[in-house]
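# Report on the structure
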Amino acid sequence: MKKTILAASLLAASLSATATEKTEVTIAGWGGNDVVVLNNLVKEVLADDFEEAGLTVKYQAVEGDFSQFITNSLSAGTAPDAFYVDVVFANTLVNSGKVAANSESLASVSSAVIPSLNSAFTLNGKQYGIAKDFNTIALQYNKDIFDDAGVDYPTNSDSWEDLRKKLIAVKDELGDEVSGICVMPDYARFAPFALATGWKPFNEEGKTVLDENFERAFNFYTGLVSEDEVGILATDLGQGWGGGCFGTEETAVALEGNWISGYLRDKAPNLPYGTTLMPTDPKTGERGNLLFTVAWGVNADGKNVEATQKAVEILTSQKAQEWVLDSGLALPSRESLSDAKFFEVEDSESELAKQVFKGALEGNVEPFAFGDYGTAWMTPINEALNSVLLGQMTQKEALKMAQAKYDALTAK
């Protein structure tokens, strides 16, 4: 009798252990601010969801060069089960064969994601990973400066020409007190203008051609400094970016993403500003924009691919993204959250986030990605912008130089 009772007890204990056994999934992301965000998300907000799915999720924060970390660890077979895939390096990682294509369950999740974000992580007809958040470029304007100049605020209806006229009017009224805009020799700030014309970084043959549409945008952008004299280089104001010029109230407008929000909150808490979408090309009537985005990718060589895909599904769930948005930490990838209450708040930060979010939904939107070339692809354009803005070359000379470099780069 005692042996029967003992056997029954051992069986019950075994069944209980089996029932509570969880699959461990390791995830890795950037260090810095992401550490607090992901720790709260994993340990508090989504704890019950992971428990119900039978998952134990362990988060690894990577300080330093994340792209180098993930490339090396994937090669060595020591990579985490899920990890950030920055859109800039997505092509390289996917072509390595180390990122798993989305399962059916993740395909279902992607149907709720902003379409342009899905496209950013789709290669050769397959999607790899789910975008977790994103940024685009928007236009911020200083209300006090426009009020002092007696000039109407920028609006979502403005074209490039409308913006140019308003900046000239501000400059005419306020003189040397303020500049119109810090013009950066940087593809990331210039690209929305080029893309608005219908130009694309790569044509059907995979070549980069700086055609007449690109030239029109290039001339407008650099002309703000060289011709209209409403633009100024950030370095001329002792700044390293447009947000710094704007935060010190030395420029009327800035072209930045949602990342400027925290900077202004800390450095210029009393600055009254508004935000609009990027202005339209007066010829095409279209907007252009860039997607700065990161996805959760799944390690194709991981031991628990199915469990990891479930973890990614939870990490990008409506619940998770609502919490991230309400915390003011990032812009969620789910399209339905465009109607979130967060965007209804009438303050500068919510308006900024709303316009940056809408930037992914309208016009010619391209990912901040350049195939196998990586960020080096931007160098000829950045050099051309810089040479014109510094008065070292004419616009035509700079474009001719850049085109020659692209011809050599894409000749293979």
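Only a predicted model underlies this, so the values are computations on that prediction, with no experimental measurement involved.

Before going further, it helps to spend a moment on the sheet that holds strand β9 (residues 231-232). Taken in spatial order, the five strands make up an open sheet running β9-β8-β10-β7-β11, and their pairing is mixed. Edge positions in the sheet fall to β9 and β11 (273-276), since each of these pairs with one other strand and no more.

Turning our attention to helix α10 (residues 187-196). Most of α10 is tucked away, with 10 of its 10 residues classed as buried. Every buried residue of α10 is accounted for by Tyr187, Ala188, Arg189, Phe190, Ala191, Pro192, Phe193, Ala194, Leu195 and Ala196. Elements that come into contact with the buried residues of α10 comprise α9 (160-174), α11 (212-226), β10 (251-256), β12 (288-298), β14 (364-367) and α17 (379-389). At the N-terminal end of α10, a side-chain oxygen is found 3.1 Å from the backbone nitrogen of Ala188, two or three residues along, and the residue is Asp186. Immediately downstream of α10, the backbone of Gly198 shows phi near 100°, a positive value.

Across all of its chains, the model carries 30 aromatic pairs by this definition. Ring centres of Phe190 and Phe214 lie 5.3 Å apart, and the angle between their planes is 80°; this geometry places the pair in the edge-to-face category. Of this pair, Phe190 sits in helix α10 while Phe214 sits in helix α11, and the two are 24 residues apart along the sequence. A relative accessible area of 0% means that Phe190 is categorised as buried.

The next point concerns the pairing of strand β1 (residues 23-30). Pairing between β1 and strand β2 (residues 55-62): eight bridges, direction parallel. Looking across to β2, one finds that Ala28 is bridged to Gln60. Of the pairings in the sheet, the one linking β1 to strand β3 (residues 82-86) comprises two bridges and is parallel in character. The partner of Ala28 across the bridge, within β3, is Phe83.

With 95% of its residues at a pLDDT of 70 or more, the protein shows a mean pLDDT of 93. Note that pLDDT drops below 50 for residues 6-19; the model gives that stretch zero contacts with residues more than four away or on any other chain.

This brings us to the pattern of salt bridges. Inspection of the entire model under this criterion finds 17 salt bridges. Its salt-bridge partner being Asp301, residue Lys98 comes within 3.0 Å of it at the nearest N-O pair. With a gap of 203 residues between them, Lys98 in the loop between α5 (90-95) and α6 (104-110) and Asp301 in the loop between β12 and α14 (305-315) connect regions that are remote in the sequence. Between Arg265 and Glu349 there is a salt bridge; the shortest N-O distance is 2.8 Å. You can see Arg265 sitting in helix α13 (residues 260-267) and its partner Glu349 sitting in helix α16 (residues 348-358), a full 84 residues away along the chain. Exposure remark for Glu349: the relative accessible area of 29% places this residue in the partly exposed category. In this structure, a network of salt bridges that share partners links the residues Glu161, Arg164 and Asp228.

With that settled, consider the domain arrangement of the protein. We note that the domain assignment places domain 1 (23-134 + 292-351) and domain 2 (138-277 + 373-410) within the protein. Domain 1 and domain 2 are separated by 31 Å when their C-alpha centres are compared. Listed per partner, the contact involves six residues of domain 1 and eight residues of domain 2. Between domain 1 and domain 2, a total of about 740 Å² is buried, with carbon and sulfur atoms accounting for 53% of that surface. Interface area lost by domain 1 to domain 2 is led by Phe292, Ser348 and Glu349, which between them contribute 60%. Scanning the region where domain 1 abuts domain 2 turns up one salt bridge. Run the count over domain 1 and domain 2 and you get two residue pairs in polar contact (both at pLDDT 80 or more). When residues in the side of domain 1 that touches domain 2 are grouped by element, the largest group, three residues, is from α16. For the side of domain 1 that touches domain 2, the residue count by class is three nonpolar, one polar and two charged.

Attention shifts here to the state of the cysteines. In the structure shown here, the tally under the stated rule is one disulfide. The side chain of Cys182 participates in a disulfide bridge whose partner is Cys245; the two sulfur atoms lie 2.0 Å from each other. Between Cys182 and Cys245, the disulfide has an S-S torsion of -85° and is therefore left-handed. With Cys182 in strand β8 (residues 179-182) and Cys245 in helix α12 (residues 242-247), this residue pair connects regions lying 63 residues apart in the sequence. Each member of the pair, Cys182 as well as Cys245, is classed as buried.

Tracing the sequence through the fold places Asp147 in helix α8 (residues 143-149). By relative accessible area, Asp147 is classed as partly exposed at 47%. C-alpha of Asp147 to C-alpha of Lys126: the two residues are 21 residues apart in sequence and 50 Å apart in space.

What counts, and where the lines are drawn
- Residues numbered from 1 in each chain as written.
- Predicted model: local features only at pLDDT ≥ 70, side-chain atom pairs only at ≥ 80, totals over all residues.
- Heavy atoms only, no water.
- Pairing = 2+ DSSP bridges.
- Helix = DSSP H or I, 4+ residues; strand = E, 2+ residues; numbered from the N terminus.
- Buried < 20%, exposed > 50% of the residue type's maximum accessible area, 1.4 Å probe, protein only.
- Contact = heavy atoms within 4.5 Å.
- Polar contact = N/O pair within 3.5 Å; in protein donor to acceptor, adjacent residues only side chain to side chain.
- Phe/Tyr/Trp six-rings, centres within 6.5 Å; stacked < 30°, edge-to-face > 60°.
- pLDDT = per-residue confidence, 0-100.
- Salt bridge = Lys/Arg side-chain N within 4 Å of Asp/Glu carboxyl O.
- Domains from an automatic or database assignment.
- Buried area = accessible area lost by both parts, 1.4 Å probe.
- Nonpolar A, V, L, I, M, F, W, Y, C, P; charged D, E, K, R; others polar.
- Disulfide = S-S within 2.5 Å.

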